[in-house]
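Notes for the structure review
The primary structure of each chain is shown beneath.
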Amino acid sequence: LSMAYAGAKFANAVLSGLAGSDTTECAYVMSDVSELPYFASKVTFGENGVKKVHSVGAINDYEQSRLKEAIAQLKDEIDAGLKYAQTQELAEAPKSLAPLQKTLSPKKAKGPTGPVGNFKVCVCGGAGGIGQPLSLLMASNPHVSELCVYDLTLAMVPAAGVAADLSHLETKCKVKGYALDKDDLPRQKLEECLTGCHLVLVPAGMPRKPGMTRADLLGINAGIAKNIVEACAKFCPQAVLGLIVNPVNSVVPAMCELYKKKGLDPRKICGVTSLDIVRANKFVHEITGAPLDTIDVPVVGGHAGTTILPLFSQVKSMKGVGA
């Protein structure tokens, strides 16, 4: 459930940016702020998606040491993703590279941070354990006027059922479900679902099981992600893609490199790391008592193990708190 909350937090930052209110949220993207080509740091989202990737900023000696550890581990995981991409291609070129059509609600319809959008969002894996609550939060988001819930027919809960249930909410959002058999190719079946999407969220893939290596997990989940990314490249190449597919540190570079091969913008693909920020913010609140709306812990590096580095030295309420 917390991952769905975090995914919705990321999504709201993207949608607010698309609506014209630049919004900053940490994410794992193609980056030049470190020695690595992919890195998680604060990212400002604007009217076309990623607008600015922020540097790490000033950090203390302990964080400097931890950053070196994070980069060493992250490099290996990025290299695994790049190696995967070298052996793969996206099957088809985009149907259109026309700019996204965007409409805003009337001027009187403003949220607390600015204009309210009317955007189309798809949740791929929308009938799963993360996908269902994430779809609920998207259907409740004031920026979302159309929501597509996509999953496989073998899902325990049918995507059409999730969509029907969400369509009863007292929001402006229209919801429709889509389901494919496991052997169907999204690039051949999801044209209606993905065409016109502004944001595609992908909480998909297999969890890591006992005895499974990261390489094993990458081999399975990169294939799942590729099928969806391939369809997005064809039907909504200008959409922002938020990947919640482990191992994120490897899958995101792999998918970005495949986008580059097709001449598409790799910064349209983001790894959703917001759960790391959500956890860090709650931790600071619990040990300091500071109001949550005053806490925003930058979490840099990657999205697994030692690659996750919260920068508590940059948090005002943590001043004077010892390790």
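Below: a short report on this structure. (Residues numbered from 1 in each chain as written. Predicted model: local features only at pLDDT ≥ 70, side-chain atom pairs only at ≥ 80, totals over all residues. Heavy atoms only, no water.)

**A word on a nonpolar patch on the surface**
Convention followed: Exposure above 30% relative accessible area and no salt bridge define the residues that can form patches, which grow by joining like charges within 9 Å and nonpolar side chains of Val, Leu, Ile, Met, Phe, Trp and Tyr within 5 Å. All accessibility values rest on the Shrake-Rupley procedure with a 1.4 Å probe; residue burial counts only the protein chains present in the view. Salt bridge, as used here, is a side-chain nitrogen of Lys or Arg placed within 4 Å of a carboxyl oxygen of Asp or Glu. Every helix listed is a DSSP run of H or I at least four residues long, and every strand listed is a run of E at least two residues long, numbered separately from the N terminus. Only protein chains enter the accessibility calculation, which uses a 1.4 Å probe. A residue is then buried if its area is under 20% of the maximum for its type, exposed if over 50%, and partly exposed in between.
A cluster of nonpolar side chains, namely Met206, Ile220 and Ile224, defines an oily patch on the protein surface of about 210 Å² accessible area. Tracing the sequence through the fold places isoleucine 224 in helix α7 (residues 214-235). Residue class for isoleucine 224 comes out partly exposed when judged on its relative accessible area of 30%.

**A short note on the pattern of salt bridges**
Scanning the model with the defined rule gives 12 salt bridges in all. Lysine 75 is paired through a salt bridge with aspartate 79; the nearest N and O atoms lie 3.0 Å apart. Residue lysine 75 and its partner aspartate 79 are both found in helix α2 (residues 61-86); the two are separated by 4 residues, about one turn of the helix. The structure contains a network of salt bridges with shared partners spanning Arg187, Lys226 and Glu230.

**Regarding unusual backbone geometry**
Backbone torsion omega between asparagine 246 and proline 247 reads -5 degrees, so that peptide bond is classified as cis. Of note, proline 247 is situated in the loop between β11 (240-243) and α8 (248-261).

**Some details on the pairing of strand β7 (residues 117-124)**
Put simply, the test is: Strands were regarded as paired on the criterion that DSSP finds at least two bridges between them. Look down the strands so they point away from you; if the path from the first strand over the helix to the second goes clockwise, the crossover is right-handed.
With 7 of 8 residues buried, β7 is to be regarded as a mostly interior element. Bridge count between β7 and strand β8 (residues 144-152): 6 bridges; the pairing is parallel. Each residue of the ladder has a partner; that of cysteine 124, found in β8, is tyrosine 150. Taken together, β7, helix α3 (residues 131-139) and β8 constitute a β-α-β crossover, and its handedness is right-handed. Both β7 and strand β10 (residues 199-202) contribute to a ladder of 3 bridges, which runs parallel. Note on β10: the bridge partner recorded for cysteine 122 is valine 200.

**Things to note about the state of the cysteines**
One covalent bond between the sulfur atoms of two cysteine residues makes up a disulfide. The following threshold applies: Note on terminology: disulfide denotes any pair of cysteine sulfur atoms within 2.5 Å.
Under the definition given, this model contains 0 disulfides. Note on cysteine 173: no disulfide assigned, nearest cysteine sulfur contributed by cysteine 148 at a separation of 8.9 Å. Given the relative accessible area of 7%, cysteine 173 is considered buried.

**Structural notes on the packing of helix α1 (residues 2-18) against helix α9 (residues 274-288)**
Test applied: Every axis in this analysis is a line fitted to C-alpha atoms, fitted for helices over the stretch in contact. Angles between the N-to-C directions lie between 0 and 180 degrees. Throughout this description, any angle smaller than 35 degrees is read as roughly parallel, any larger than 145 degrees as roughly antiparallel, any in the 65 to 115 degree range as roughly perpendicular, and the remainder as oblique. Contacts were defined at the residue level, with two residues in contact if any of their heavy atoms lie within 4.5 Å. Under the grouping applied here, Gly and all other residues not named as nonpolar or charged are polar, the nonpolar ones being Ala, Val, Leu, Ile, Met, Phe, Trp, Tyr, Cys and Pro and the charged ones Asp, Glu, Lys and Arg.
It is the contact of α1 with α9, at a shortest axis distance of 8 Å, that shows an interaxial angle of 110 degrees. For the element pair α1 / α9, the angle class is roughly perpendicular. Residues Ser2, Met3, Tyr5, Ala6, Lys9 and Phe10 of α1 form the contact with α9, whose participating residues are Ser274, Leu275, Ile277 and Val278. Here the residues of the contact of α1 with α9 are counted per class, giving 7 nonpolar, 2 polar and 1 charged.

**Description of the side chain of lysine 120**
We apply this condition: Under the rule applied, a polar contact is a pair of N or O atoms within 3.5 Å (in protein, one hydrogen donor and one hydrogen acceptor; residues adjacent in sequence only if both atoms are side-chain atoms).
Among the secondary structure elements, lysine 120 is positioned in strand β7. What makes lysine 120 buried here is its relative accessible area of 7%. At 3.1 Å, the side chain of lysine 120 and the backbone oxygen of glutamate 192 are in polar contact. Not counting residues within four places of it along the chain, the set of residues in contact with lysine 120 comprises Glu146, Cys148, Glu192, Cys193, Leu194, Thr195, Gly196, Cys197, His198 and Leu199.

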